[in-house]
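Residue strings, one per chain:
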Amino acid sequence: IAGITQAPTSQILAAGRRMTLRCTQDMRHNAMYWYRQDLGLGLRLIHYSNTAGTTGKGEVPDGYSVSRANTDDFPLTLASAVPSQTSVYFCASSRGEFDTQYFGPGTRLTVL
Amino acid sequence: GQNIDQPTEMTATEGAIVQINCTYQTSGFNGLFWYQQHAGEAPTFLSYNVLDGLEEKGRFSSFLSRSKGYSYLLLKELQMKDSASYLCAVMGNDYKLSFGAGTTVTVRA
């Protein structure tokens with residue numbers, strides 16, 4: 001592993017189903033983030049974690065949850081997916097909360 | 001709230017110069033970032049400005065004026081591979097990034 005990986009690359013999901021998007025980094029960065037990117041809206045922060053064991057809400061947290069059990073992993077869970085959660089999801093990490101953020105390759109999620 | 005504005009699209013010719021402007025009104029300021037994003041790919045870091053002035057990195061330069069809430073990204077000697085979206089992002093008092101919607105640059109031969 002080099003940098004940040006995300007899985008799956010893409011997914012089609014039925015509304016109401018539960019889904020976890022995975023994010024792993026091997027840079028020993030303290031801070032991690034989840035964004036969604038929608039056409040014309042740019043990247044919007046969903047949840048973040050400044051360090052292992054802590055999480056916080058971003059601009060658009062409703063319908064999403066995260067956990068940060070260790071430094072490397074930061075999964076994003078949709079408890080009951082809805083069509084408005086159709087988007088491209090990017091995970092990012094930074095050494096500290098005020099440092100440059102580096103992005104994973106993204107997960108394209110379609111909720112039908 | 002955060003308000004970050006940048007043009008939606010720009011077109012330029014290979015070898016030319018393009019300037020992408022970004023204006024912002026945010027709750028506090030702890031730096032401005034520019035990212036490049038090719039279609040279907042992740043954003044990649046280009047530059048960071050926290051003090052007024054020009055930062056130069058090869059063919060790319062970024063300028064910041066904090067008093068005017070203004071930045072620009074200058075792309076010189078445009079190449080076809082520079083066709084991409086360019087994202088302006090401001091770090092506010094909470095150390096979180098707020099992104100503009102992005103400027104899609106198309107380079108024509």
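Please refer to the structure higher up on the page.
Facing the 16 residues of chain B at the interface are 20 residues of chain A. Roughly 1400 Å² is buried in total at the junction of chain B and chain A, and carbon and sulfur atoms are behind 62% of that figure. For chain B, the biggest contributors to the area lost against chain A are Tyr95, Lys96 and Phe99 of chain B; these three give 35% of the whole. Taken together, chain B and chain A are joined by one salt bridge. We note a salt bridge from Lys96 of chain B to Glu97 of chain A, for which the minimum N-O separation is 3.9 Å. At the boundary of chain B and chain A, one finds two residue pairs in polar contact (both at pLDDT 80 or more).

On to the state of the cysteines, then. What the rule picks out here adds up to two disulfides over all chains. Here Cys23 of chain A connects covalently by a disulfide to Cys91 of chain A, the sulfurs 1.9 Å from one another. Classification of the bridge connecting Cys23 of chain A and Cys91 of chain A rests on its S-S torsion, roughly -70 degrees, and on that basis the disulfide is left-handed. Highlighted residues: Cys23 of chain A in strand E3 (residues 19-25) and Cys91 of chain A in strand E9 (residues 87-94), separated in sequence by 68 residues. Note on Cys91 of chain A: relative accessible area 0%, which makes it buried. Across the disulfide from Cys22 of chain B sits Cys88 of chain B; the S-S distance is 2.0 Å. Between Cys22 of chain B and Cys88 of chain B, the disulfide has an S-S torsion of -70 degrees and is therefore left-handed. You can see Cys22 of chain B sitting in strand E3 (residues 18-25) and its partner Cys88 of chain B sitting in strand E9 (residues 84-91), a full 66 residues away along the chain. Taking relative accessible area as the criterion, Cys22 of chain B reaches 0% and is therefore assigned buried.

Our next topic: unusual backbone geometry. Cis geometry is found at the peptide bond from Ala7 of chain A to Pro8 of chain A, where omega equals -5 degrees. Phi at Glu77 of chain B is positive, roughly 45 degrees, even though this residue is not glycine. Its relative accessible area of 52% is what places Glu77 of chain B among the exposed residues. Notably, Tyr95 of chain B is not glycine yet its phi reads approximately 65 degrees, a positive angle. With respect to the element layout, Tyr95 of chain B can be found in the loop between E9 and strand E10 (97-99). The class for Tyr95 of chain B is partly exposed, based on a relative accessible area of 30%.

Let us now look at the sheet that holds strand E8 (residues 76-78) of chain A. Residues and elements named next belong to chain A. The four strands lie next to each other as E1-E3-E8-E7, forming an open sheet whose pairing is antiparallel. A single partner strand is all that each edge strand has here, and the edge strands are strand E1 (4-7) and strand E7 (64-66). Strand-to-strand twist of the sheet, defined as the mean angle between neighbouring strand axes without regard to direction, takes the value 20 degrees.

On to the side chain of Asp82 of chain B, then. Residues and elements named next belong to chain B. Mapped onto the secondary structure, Asp82 falls in the loop between strand E8 (70-75) and E9. Taking relative accessible area as the criterion, Asp82 reaches 2% and is therefore assigned buried. A polar contact is formed between the side chain of Asp82 and the side chain of Arg59, at a distance of 2.7 Å. Among all residues touching Asp82, those that are not within four sequence positions of it are Gln36, Arg59, Phe60, Leu75, Glu77, Val105 and Val107.

Parameters at a glance
Every chain is numbered on its own, with residues counted from 1 as its sequence reads. Here the convention is simple: chains get letters from A, ligands get numbers from 1, in the order in which they are written. Restriction of local features to residues with pLDDT of at least 70 applies here, the model being predicted, together with a cutoff of 80 or more for giving and counting side-chain atom pairs; totals for whole chains, interfaces and linings are based on all residues. Hydrogens are left out, water is left out, and the side-chain values use all remaining heavy atoms of the structure. Any two residues having at least one pair of non-hydrogen atoms within 4.5 Å are treated as being in contact. Here the quantity called buried area is the total loss of accessible area, with a 1.4 Å probe, experienced by two parts when brought into contact, counted for both. We count a salt bridge whenever a side-chain nitrogen from Lys or Arg sits within 4 Å of a carboxyl oxygen from Asp or Glu. Any pair of N or O atoms that falls within 3.5 Å is considered a polar contact. Within protein, one atom must be able to donate a hydrogen and the other to accept it, and sequence-neighbouring residues count only if both atoms are side-chain atoms. Working definition: a disulfide is two cysteine sulfur atoms within 2.5 Å of each other. What counts as a helix is a DSSP run of H or I of at least four residues, what counts as a strand is a run of E of at least two, and both are numbered from the N terminus. The cut-offs for exposure are 20% and 50% of the maximum accessible area for each residue type, with area from a 1.4 Å probe on protein chains only; residues under the lower value are buried, those over the upper are exposed, and the others partly exposed. For two strands to pair, DSSP has to find at least two bridges joining them. Structural elements are reduced to axes, namely lines fitted to C-alpha atoms, with helices fitted over the stretch in contact, and the angle between N-to-C directions of any two is expressed from 0 to 180 degrees.

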